[in-house]
Every structure is written in structure tokens, then in C-alpha cells.
Amino acid sequence: GFLNNCKIEFIEGGNGITVKSVNFKSLQEINIFVDVSFRALAGDAKFNLINPDSGTTSGKITVVAKMNINSITPSVIAQGVTGLEIKITGNNFDKNCKAETKEEGIIVNGTYVLSQSEMVININVNESAKTGNKEVNIISANSGVCKFNLTVNPRPFVTSVVPNEFYQGQSSKTITILGGNFVMKESKLNFNTSGIIINSYEVKSTGNIVVDISISDKIESKQYDVIISNQDGGEGIGKNLLMINLK
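The paragraphs below set out a description of the structure included in this document. Quick caveat: nothing in here was measured; it's all calculated off a predicted structure. (Residues numbered from 1 in each chain as written. Predicted model: local features only at pLDDT ≥ 70, side-chain atom pairs only at ≥ 80, totals over all residues. Heavy atoms only, no water.)

### Thoughts on the sheet that holds strand E5 (residues 56-63)
Strands sit in the order E1-E4-E5 across an open sheet of three strands; the sheet is antiparallel. One side of each edge strand has no neighbouring strand; the edge strands of this open sheet are strand E1 (7-12) and E5. For this sheet, the mean inter-axis angle between neighbouring strands, taken without regard to orientation, is 35 degrees. Alignment of strand E4 (residues 43-50) against E5, held across eight bridges, turns out to be antiparallel. Among the inter-strand pairings, Ile50 is bridged to a residue of E5, identified as Thr56. (Pairing = 2+ DSSP bridges. Helix = DSSP H or I, 4+ residues; strand = E, 2+ residues; numbered from the N terminus. Axes fitted to C-alpha atoms, helices over the stretch in contact; angles between N-to-C directions.)

Here is the structure:
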């Protein structure tokens, strides 16, 4: 059995492994605490365990290659996105890797390891999640950890449309959409109907979009939504902001 004050001596493959302490628990159990440097080679490191009475037994520690991350796509996301798939490339992923985060408002739905060099994680971001950098950990089966950051942007929002009332069949009418977190040359505009035709639009500022529209003469008379979407997946919907009347 094991004795108090036993020691470890590596006999093969121990370069880069430093024994910090050997804690005696019982004749059947000891705890060995080691540091493994970046220069340690992957594979089995064989050792002898030597008791104070010179009794000897052998064992091994298996060193696995360290994970690393090369790219995150996308790395910039918006408040309110759901079911977003993020592709991660790197090296030495194992099939039991999982993504975890302690960041409030970030939910990891699943981790899917496609190969040793590629995985996909699926996440939700609450609409109330704070913006800024968010740390995510990739944890392997052997407790190796890689960290990366996602940047959460504020989602766009729409507050009003000026003017906000038109008639069937009108053409080339200018409206201004007011709100926040619009992105110049990036934000996309839509309405929840094909009966409002967007001739052109321009994001003038983070809170102002100028639009030229035409109205179908067959569109139903009612209120319609304005939808703004950004490339980071953020979406803002102004409900019932544009009224179309019968001509």
C-alpha cells in the first residue's frame, strides 16, 4: 500500500511536468498535484511511486494536447437574438467539449463538436442583457479550458413614423422613421406587408432613417409594422406605426 512521505519520480515522458505535492490519504489513496507546462509533450508520462521503505510501484499520467481557439464567427451579436449558431475553429477539441458562461442574459442552448478543429454553439441573448464583452468558456472532458469573448450590441428600436398616415395608391412619399441604435450603411428596413413598396432609404443617424415609399392600391386598410434589422442579428419592430387608409 501507499505510505506517508512517498514520492514520485518520472521515468519516461515527464519533461514539462512538475510534481507540486503528494498528499497521503490512506494505504489505498494518495493525491498527486502537478503543474503541466506548455512544453510538455502529449502522451503518457510514466512514473515510479517510491515509498519510504523503498517499495515501488509504477503508474502514468496522460497529457493531452491543449485546446486553442483560432476564430469565432460571428463574434458580435445583439440583444434579443435567439437560436444563434456561432462557429468556433481551433485545435484539439474533444467530442465532449461544452460551452459555459456565467454572464447574465447569455444562455448556451447546446454545444456541437463537428471535428477536432470545429464546433458550433447555439445561444440566446436576452433583450435585457447588458451590452459589452461577454466571456464564454469551452471546457474539455479533461478540464482544459479555452476562453473567448462575444460582444453584445444594443438592438435597434423604432418609436415613431412621421408622417404616419397614407392612402392606397399613393406613390413616392417621404417618411422619417425615428428610434435608436440604427447603423449607417448597415441597418435594413422592412414592413410587414408587400403592399408598402420601399423605393429608397438612407440611415441618416443612429436615430433617424429617411424613406421614400409607394402604396399599393390593393393593400388592406389597417396599421402596419416597421421592422429594422442590423447585421449583428438585432431587430427592432415598431408595432402599428403606419396607417394605410382606403383611397
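### Quick look at the packing of aromatic side chains
Taken as a whole and judged by the stated rule, the model has one aromatic pair. Centroid distance Phe10 to Phe47: 6.1 Å. Interplanar angle 80 degrees. Geometry classified as edge-to-face. Taken together, the residues span a long stretch of sequence, with Phe10 in strand E1 and Phe47 in strand E4 at a distance of 37 residues. Given the relative accessible area of 24%, Phe10 is considered partly exposed. (Phe/Tyr/Trp six-rings, centres within 6.5 Å; stacked < 30°, edge-to-face > 60°. Buried < 20%, exposed > 50% of the residue type's maximum accessible area, 1.4 Å probe, protein only.)

### Quick notes on the pairing of strand E3 (residues 29-36)
Two strands pair when backbone bridges link them, and strand E2 (residues 17-26) and E3 are joined in this way by eight bridges, in the antiparallel orientation. The residue bridging Ile17 from the neighbouring strand is Val36, located in E3. Connecting the antiparallel pair E2 and E3 is a turn made up of two residues.

### Comments concerning the pattern of salt bridges
Inspection of every chain in the model, using the stated rule, returns nine salt bridges. Among the salt bridges present, the one from Glu202 reaches Lys204, with a minimum N-O distance of 3.2 Å. The exposure class assigned to Glu202 is partly exposed, which follows from its relative accessible area of 44%. Residue Lys204 is classed as partly exposed on the basis of its relative accessible area, which comes to 44%. Among the salt bridges present, the one from Lys239 reaches Asp225, with a minimum N-O distance of 3.5 Å. A residue pair is termed long-range when its members are at least 10 positions apart, and Lys239 in strand E21 (residues 235-245) and Asp225 in strand E20 (residues 222-229) qualify at 14 residues. Using a relative accessible area of 56% as the deciding quantity, one classes Lys239 as exposed. (Salt bridge = Lys/Arg side-chain N within 4 Å of Asp/Glu carboxyl O.)

### Comments concerning the environment of Leu3
Here Leu3 shows up in the segment before E1. Linking Leu3 and Glu118, residues 115 residues apart in sequence, is a C-alpha distance of 46 Å.

### Points about the nonpolar core
Formed by 22 residues in total, the largest nonpolar core has its most connected members in Ile88, Val125, Ile138, Phe148 and Leu150. Where this core is concerned, the elements lending two or more residues are strand E7 (76-78), strand E8 (84-91), strand E11 (118-125), strand E12 (132-139) and strand E13 (145-153). (Core = buried A, V, L, I, M, F, W, Y, C linked by side-chain atoms within 4.5 Å.)

### Looking at the state of the cysteines
This model, assessed by the stated rule, comprises zero disulfides. Looking at the unpaired Cys97, the closest cysteine sulfur is the one in Cys146, lying at 8.4 Å. Note on Cys146: relative accessible area 7%, which makes it buried. (Disulfide = S-S within 2.5 Å.)

### Topic: unusual backbone geometry
In this structure, the amide linkage connecting Thr73 to the following residue, Pro74, adopts the cis form with an omega of -5 degrees. Inspection of the secondary structure puts Pro74 in the loop between strand E6 (68-73) and E7. Look at Asn5: it is not a glycine, yet its phi comes out positive at around 70 degrees. Following the sequence through the fold, Asn5 ends up in the segment before E1. Classification of Asn5 as exposed rests on a relative accessible area of 65%.

### A short note on the environment of Leu189
Structurally, Leu189 is set in strand E17 (residues 188-191). Separated by twelve residues in sequence, Leu189 and Ile177 place their C-alpha atoms 9.8 Å apart. When neighbours within four sequence positions are excluded, Leu189 is seen to be in contact with Ile177, Ile198, Tyr201, Val211, Val226, Ile227 and Ile228. (Contact = heavy atoms within 4.5 Å.)

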